[in-house]
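Structural features, examined
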Amino acid sequence: MIQRRSFSCLLYVLGLLLYSASLVCGGDIVHHDDSIPQRPGCNNNFVLVKVPTRVDGKEKEEFVGVGARFGPTLESKEKHATLIKLALADPPHCCTTPKSKLTGEVILVHRGNCSFTTKTKVAEAAGASAILIINNSTDLFKMVCEKGENVLDINIPVVMLPIDAGRSLEETVQSNSIVTLQLYSPKRPAVDVAEVFLWLMAVGTILCASYWSAWTAREEAIEQDKLLKDGSDELLQVSTTSSRGVVEITVISAILFVVVASCFLIMLYKLMSFWFIEVLVVLFCIGGVEGLQTCLVALLSCFRWFRRIGESYAKVPLLGEVSYLTLAVCPFCIVSAVIWAVYRQYPFAWIGQDILGISLIMTVLQIVRVPNLKVGVVLLSCGFMYDIFWVFVSKWWFRESVMIVVARGDKSGEDGIPMLLKIPRMFDPWGGYSIIGFGDIILPGLLVTFALRYDWLANKRLKSGYFLGTMSAYGLGLLITYIALNLMDGHGQPALLYIVPFILGTLTVLGHKRGDLKTLWTTGEPERPCPHVRLQHQS
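My aim in this report is to walk through the structure given alongside it, one point at a time. Because the structure is predicted, anything quoted here is derived from the model rather than measured. (Residues numbered from 1 in each chain as written. Predicted model: local features only at pLDDT ≥ 70, side-chain atom pairs only at ≥ 80, totals over all residues. Heavy atoms only, no water.)

**Here we look at the state of the cysteines**
- According to the stated counting rule, one finds 1 disulfide in the structure shown.
- Across a sulfur-sulfur distance of 2.1 Å, Cys 95 and Cys 114 are joined as a disulfide pair. Given an S-S torsion of about -90°, the disulfide between Cys 95 and Cys 114 has left-handed geometry. Of the two residues, Cys 95 sits in the loop between β5 (84-88) and β6 (106-110) while Cys 114 sits in the loop between β6 and α2 (116-125), which places them 19 residues apart along the sequence.
- According to the relative accessible area criterion, Cys 95 is partly exposed, its value standing at 22%.
- A residue is classified by how much of its surface remains accessible, and Cys 114, at 23% relative accessible area, is partly exposed. (Disulfide = S-S within 2.5 Å. Helix = DSSP H or I, 4+ residues; strand = E, 2+ residues; numbered from the N terminus. Buried < 20%, exposed > 50% of the residue type's maximum accessible area, 1.4 Å probe, protein only.)

**Brief notes about the side chain of Thr 117**
- Within the secondary structure, Thr 117 sits in helix α2.
- Side-chain polar atoms of Thr 117 contact the side chain of Ser 115, separated by 3.1 Å. (Polar contact = N/O pair within 3.5 Å; in protein donor to acceptor, adjacent residues only side chain to side chain.)

**Quick look at the packing of aromatic side chains**
- This model, assessed by the stated rule, comprises 15 aromatic pairs.
- Ring geometry for Tyr 343 and Tyr 346: centres 5.4 Å apart, planes at 65°, overall edge-to-face.
- Residue Tyr 343 is classed as partly exposed on the basis of its relative accessible area of 39%.
- Seen in terms of ring centroids, Phe 389 and Trp 397 are 5.8 Å apart; in terms of plane orientation they differ by 40°. Their pairing is tilted.
- Given the relative accessible area of 59%, Trp 397 is considered exposed.
- Among the aromatic residues, ring-to-ring pairing joins Tyr 269, Phe 389, Trp 390, Trp 397 and Phe 398 into one connected group.
- Against the face of Trp 430 rests Lys 50, its NZ or CZ located 5.2 Å from the ring centre. (Phe/Tyr/Trp six-rings, centres within 6.5 Å; stacked < 30°, edge-to-face > 60°. Lys NZ or Arg CZ within 6 Å of the ring centre and 35° of its normal.)

**Side note on the pairing of strand β4 (residues 58-67)**
- Inspection of the sheet shows strand β3 (residues 46-55) paired to β4 by 7 bridges, in the antiparallel sense. Residue pairing across strands places Leu 48 opposite Val 66, the latter belonging to β4.
- A loop of 2 residues connects β3 with β4, the two strands running antiparallel in sequence, and Asp 56 in this loop sits at a positive phi of about 55°.
- Taken together, the 2 bridges between β4 and strand β8 (residues 158-161) define a ladder with antiparallel strand orientation. Bridging across to β8, Gly 67 finds its partner in Val 159. (Pairing = 2+ DSSP bridges.)

**Focus: unusual backbone geometry**
- In the segment running from Asp 90 into Pro 91, the intervening peptide bond is cis, with an omega of 10°.
- Examined against the element boundaries, Pro 91 turns out to sit in the loop between β5 and β6.
- The backbone of Asn 113 sits at a positive phi, close to 75°, despite the residue not being glycine.
- Along the chain, the position of Asn 113 falls in the loop between β6 and α2.
- Unlike most non-glycine residues, Asn 459 shows phi in positive territory, near 55°.
- Along the chain, the position of Asn 459 falls in the loop between α13 (439-457) and α14 (467-487).

**Brief notes about the nonpolar core**
- Counting residues in each nonpolar core, the largest one holds 91 residues, and the members touching the most others are Ile 436, Leu 446, Leu 447 and Tyr 474.
- Counting residues per element, this core draws most heavily on α13, which supplies 11 residues. (Core = buried A, V, L, I, M, F, W, Y, C linked by side-chain atoms within 4.5 Å.)

**Let's talk about a nonpolar patch on the surface**
- Taken together, the side chains of Ile 334, Val 335, Val 338, Ile 339, Val 342, Tyr 343, Tyr 346, Phe 348, Ile 351 and Ile 355 make up a nonpolar region of the molecular surface, amounting to roughly 930 Å² of accessible area.
- Looking at the nonpolar patch, the elements that each hand over two or more residues are α9 (324-342) and α10 (349-367).
- With 5 residues, α9 is the single largest residue contributor to the nonpolar patch.
- Along the chain, Ile 355 falls in helix α10. (Patch = residues over 30% accessible without salt bridge, like charges linked within 9 Å, V, L, I, M, F, W, Y side chains within 5 Å. Areas by Shrake-Rupley, 256 points an atom, 1.4 Å probe, with all protein chains shown as cover. Salt bridge = Lys/Arg side-chain N within 4 Å of Asp/Glu carboxyl O.)

Dropping the structure here:
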């Protein structure tokens, strides 16, 4: 087996990268902006608008724009949206009456020279049925009313397009082609199947990792009890060997963990670019290979024939003793990670990313451990404040949510950072992905795995133990996160805001009620008066 201590350190460092992405997100289509004043006739939400086009009767590109604060609301279904001819404004900025009379066309105008409301009023007076305003950049700008405009009477839709979309439409019309289009803003379904599967993935990952960790801890305890019974001098050696691959978090390291993760998050935000994402992809592939290899070796070792191979070792330069089973699965893991990295832009790449991600998360939860409830409370409390600060409070300093910007991979040319589990939204007309950050699985998972290890070492039944309560608390907290996500129209939510109170509250209340709180808080291990008794788990 590859030297476990160096492997543990690698995973612990990667944990800092994983925790920097701690977010549940569905993507915004409705933007509530209370910083911009509302008044009668100027109180719309900023909604994304679909603009499917046809050229000479044939379907062409579909563009996405943003609706203005003013004007009527758009249709939500494509079949109800009218197909309208597109015309170019002359003069292009539409600050004065167009030279040609319009008969219900959608007019395409340039931004600048006058206010958005002035352009809209001129276009409406000229006979336009809607107005598309071309922005001067690839971003979408929030169109608001001018100061002093108290009551507006605008009766045509107003949509802004990015400069590349506007120029494409402009060039097509100038080539004497007939361009027609529709304007509609579809609503997202209340619940998408992707969110259900993502919930199952997160809960299932912690469930499997918890049993793996508890099984390992119980086997270590059984081995030590055998040696104690026999009075063997090998106890110290076995104890050192069994624990050498485990990293136990302390109170200090828990605090530093979050501080370093915050620094890394700021670095991601400031240096977000294509090359920086490439560096993250390489790091993710390294961690994914290690995680997938560890999980496959553990899974195959459940079978007798593979277990024999796993017990045979070969000396490898720089790595030391490595089992033949590890050498056998390692090429497969490397090839899997390389294939994902090469094809990560393709629609099906999320499958490989999730497989590598889940394997890495399970391995981290197996290697990194919370020794007692005190450390768990400090770690999750820091994570709680971390999530709230970087999702919500950071807007006051950076004018945007740092966590959301990093998770989306803005300004990088990539579809988000790789430290996420993601599933495509299956019944969402806007498409996109539902995502959850690794941190929202790893940090709560550390306490859930701690609870199951305690239950098994204390020979507690499932109903009388702490695992069932903490696992249910995690699932309920994550469920409430998704409810909040949908109530906020897909705006990213800090999952630990909802998960941490449920888990800590449940474990603390149950521990106090059953009289185990002092043991959970200090040692984290039950007293075993008879070390020679073989531990058995009863469910």
